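Coordinate analysis (summary)
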Amino acid sequence: MKKTYLLIIAAALAFAGCSKNGPDTPRDPNAWMYDESLPVPVLMGDMGAEPMTRAVVEDIDNITIGIYGLDVSDGQDAWTLTGAYNKSSKVNSILINNESATVTDGKVVFTKGTKYYPLNSSNKFNFYAYYPQGSTQTNVHCSDDGTYFYADYTIGYDDILWDEAEATDFEYKKDESTYRISGYNAAYIRKINEYGALNENLPKLELQHKLTALKFKLYATKEAAEALNTAGAVITGLTIDDTYTKGSLIIADKRTTGNQKGKFITDEESIGKIALKEGGDPKFEISDFSSLPDLDKDDNTYTIDFGDELLLAPNPESKSFKGRLHIKLSGITQDLPIELTDPDLNGSGQNFEAGMRYTYTIKVKGPEEIAAFAELKEWSDIDGGFVDTDDEGEPID
């Protein structure tokens, strides 16, 4: 009888304890700030970026990213896809393992709820964000020696973004002495909060473009556009030839030599073609002048967008991309060779850099002649100049 009585009392106490933080009395999300017995949440500073994506997404908000939180202090075992162990601190070396997160008003929100730092641990964690998020079932891998994570991608149509929030130190004064605490960990977060420096010292991720963007427009005078329609000529697509079609993003890397975190590495065996419009792909609209936009009254010309952007691997050693413009006339499709060059207007000495958008305007002079000129616009809007192409090409009539 006594045993039964104790069990009932224990059950009642457990029920009371659970109901303390039930639906009617939610836990204060900031309670950790004044109660050191509570775990410290993983908080992120406001994110920044204006990614150009092939999809409807136009800015950083509402995209889903993948995040890793990894121990960069000494003593950890090799990373694996499922976890790792730090022999020194006896905690998991992988705090966040490719967790999905969304960005709302610049704030990172983990899809599966708040994450927490280990209690009473001095481990230093770095955070890595990337987009599009992959999975271990499809394209995310860990190197054989457990030193880096990477994601494989097909190149051409999706923006690839990455950034790291690197563990740092925070200095503060106490009793006329200066102290330093290393982050990111629970003690670090508590200390920057104590000294009123929480927001400016939280991990902050500013996603960077890892590919080069090519944007295309069609341009014609009023007379040329009408002649094009009369002849029944239609520009049906464009293909970039002899370019990389696959590559890998190094998400995180703990090697002391040869570290390649954040680098996009092309697959040298993946040389092929990437089409802006080919084979009736429903993702693109066929661009012609059969339905003319408003006439530019200043110079009596039309300019229309031509398909979506292509996102290609940066090619700093090459001064041009070569390709073909596809033209259909009288039911026969023929190709006009084109060459897209980088005029290096930003003076970097490099060509086709990551994070740069190149706008190429294809000038249609009539059904018998098509040329192209280009302007370079960085994602921070740097104006460009003219580029030569093969005006002769192949006859289309």
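For the structure, see preceding data.
Now for a quick tour of the structure. (Residues numbered from 1 in each chain as written. Predicted model: local features only at pLDDT ≥ 70, side-chain atom pairs only at ≥ 80, totals over all residues. Heavy atoms only, no water.)

Counting residues in each nonpolar core, the largest one holds 54 residues, and the members touching the most others are Tyr130, Phe149, Leu214, Phe216, Leu238 and Phe306. Not counting the four nearest positions on each side in its chain, Phe149 is found in contact with Tyr68, Leu70, Trp79, Thr80, Leu81, Ile94, His141, Cys142, Leu249, Ile250, Ile251 and Ala252. In terms of nonpolar packing, the next biggest core, distinct from the first, is built from 36 residues, Ala31, Trp32, Val40 and Leu205 among them. (Core = buried A, V, L, I, M, F, W, Y, C linked by side-chain atoms within 4.5 Å. Buried < 20%, exposed > 50% of the residue type's maximum accessible area, 1.4 Å probe, protein only. Contact = heavy atoms within 4.5 Å.)

Our focus in this paragraph is the pairing of strand E21 (residues 332-341). Pairing analysis gives ten bridges linking strand E20 (residues 320-329) to E21, with the strands arranged antiparallel. Across the sheet, Ile327 pairs through a bridge with Gln334, a residue of E21. Where E20 hands over to E21, the hairpin turn is made up of two residues, of which Ser330 adopts a positive phi near 55 degrees. (Pairing = 2+ DSSP bridges. Helix = DSSP H or I, 4+ residues; strand = E, 2+ residues; numbered from the N terminus.)

Let us look at the pairing of strand E5 (residues 107-110). Only one face of E5 is buried: it carries Val108 and Phe110, and the other face, with Lys107 and Val109, is open. In the sheet, strand E4 (residues 94-104) pairs with E5 via four bridges, with the strands oriented antiparallel. Note that in E5 the partner of Ala101 across the bridge is Phe110. Hairpin connection between E4 and E5: a loop of two residues separates the two successive antiparallel strands, and Asp105 in this loop has a positive phi of roughly 55 degrees.

Right, let's get into a negative patch on the surface. A surface patch of negative charge is lined by Asp152, Asp267, Glu268 and Glu269. Mapping Glu269 onto the fold places it in the loop between strand E16 (264-266) and strand E17 (271-275). Classification of Glu269 as exposed rests on a relative accessible area of 78%. (Patch = residues over 30% accessible without salt bridge, like charges linked within 9 Å, V, L, I, M, F, W, Y side chains within 5 Å. Areas by Shrake-Rupley, 256 points an atom, 1.4 Å probe, with all protein chains shown as cover. Salt bridge = Lys/Arg side-chain N within 4 Å of Asp/Glu carboxyl O. Lys, Arg positive; Asp, Glu negative; His and termini not counted. Charge placed at Lys NZ, Arg CZ, Asp CG, Glu CD.)

Buried within helix H4 (residues 222-231) are the following residues: Ala224, Ala225 and Leu228. An end-on view of H4 places all buried positions within 100 degrees of arc, on one side of the element. Exposed positions of H4 whose direction lies more than 90 degrees from the buried face are Glu223 and Thr230. Taken from the residues just after H4, Gly232 is the one with a positive phi, measuring 75 degrees. (Arc of directions from axis to C-beta.)

Following the criterion strictly, the structure yields nine salt bridges and no others. We note a salt bridge from Lys115 to Glu99, for which the minimum N-O separation is 3.3 Å. Separated by 16 residues along the polypeptide, Lys115 in the loop between E5 and strand E6 (125-131) and Glu99 in strand E4 bring together distant segments of the chain. With respect to class, Lys115 is no different from Glu99; both count as buried. Across the pair Asp335 and Arg324 runs a salt bridge, and its minimum N-O distance is 3.1 Å. Pair noted here: Asp335 is in strand E21 and Arg324 is in strand E20, with a separation of eleven residues, a long-range link. Salt bridges here are not isolated pairs; linked through shared partners, they connect Asp241, Arg324 and Asp335.

Spatially, the six strands line up as an open sheet ordered E5-E4-E1-E6-E9-E12, and their pairing is antiparallel. One side of each edge strand has no neighbouring strand; the edge strands of this open sheet are E5 and strand E12 (208-209). Sheet analysis places strand E9 (residues 161-165) next to E12, joined by two bridges and oriented antiparallel. Across the sheet, Leu161 pairs through a bridge with His209, a residue of E12.

All right, on to the layout of surface pockets then. One water molecule sets the probe size; rolling that probe over the atoms shows where empty space is left. If you add up the space inside the largest pocket, you get close to 550 Å³. At the level of secondary structure, the elements contributing two or more residues to the lining of the largest pocket comprise E5 and helix H3 (198-201). (1 Å grid on protein atoms, 1.4 Å probe; cavity = no way out; pocket = protein on both sides within 12 Å on 5 of 7 lines; lining within 4 Å. Points joined across faces, edges and corners; volume = space filled by probe spheres on them.)

The subject of this paragraph is the environment of Ala231. Summarising the element assignment, Ala231 is placed in helix H4. Relative accessible area serves as the criterion here: at 34%, Ala231 is assigned to the partly exposed category. Separated by 98 residues in sequence, Ala231 and Leu329 have C-alpha atoms that sit 7.5 Å apart.

All right, on to unusual backbone geometry then. In this model, Tyr131 is joined to Pro132 through a cis peptide bond whose omega is -5 degrees. Here Pro132 lies in the loop between E6 and strand E7 (140-142). Residues Gly183 and Tyr184 are joined by a peptide bond in cis, for which omega reads 5 degrees. Position of Tyr184 among the secondary structure elements: in the loop between strand E11 (177-182) and helix H2 (186-194). Although it is not a glycine, Asn98 adopts a positive phi angle of roughly 55 degrees. Positionally, Asn98 belongs in strand E4. For Asn98, a relative accessible area of 12% corresponds to the buried category. Despite not being glycine, Asp242 shows a phi value in the positive range, around 50 degrees.

Right, let's get into the side chain of Asn123. Positionally, Asn123 belongs in the loop between E5 and E6. The exposure class of Asn123 is buried, given its relative accessible area of 2%. At 2.7 Å, the side chain of Asn123 forms a polar contact with the side chain of Asp71. If sequence neighbours within four positions are ignored, Asn123 has contacts with Asp71, Ser73, Asn86, Ser89, Val91, Tyr184 and Asn185. (Polar contact = N/O pair within 3.5 Å; in protein donor to acceptor, adjacent residues only side chain to side chain.)

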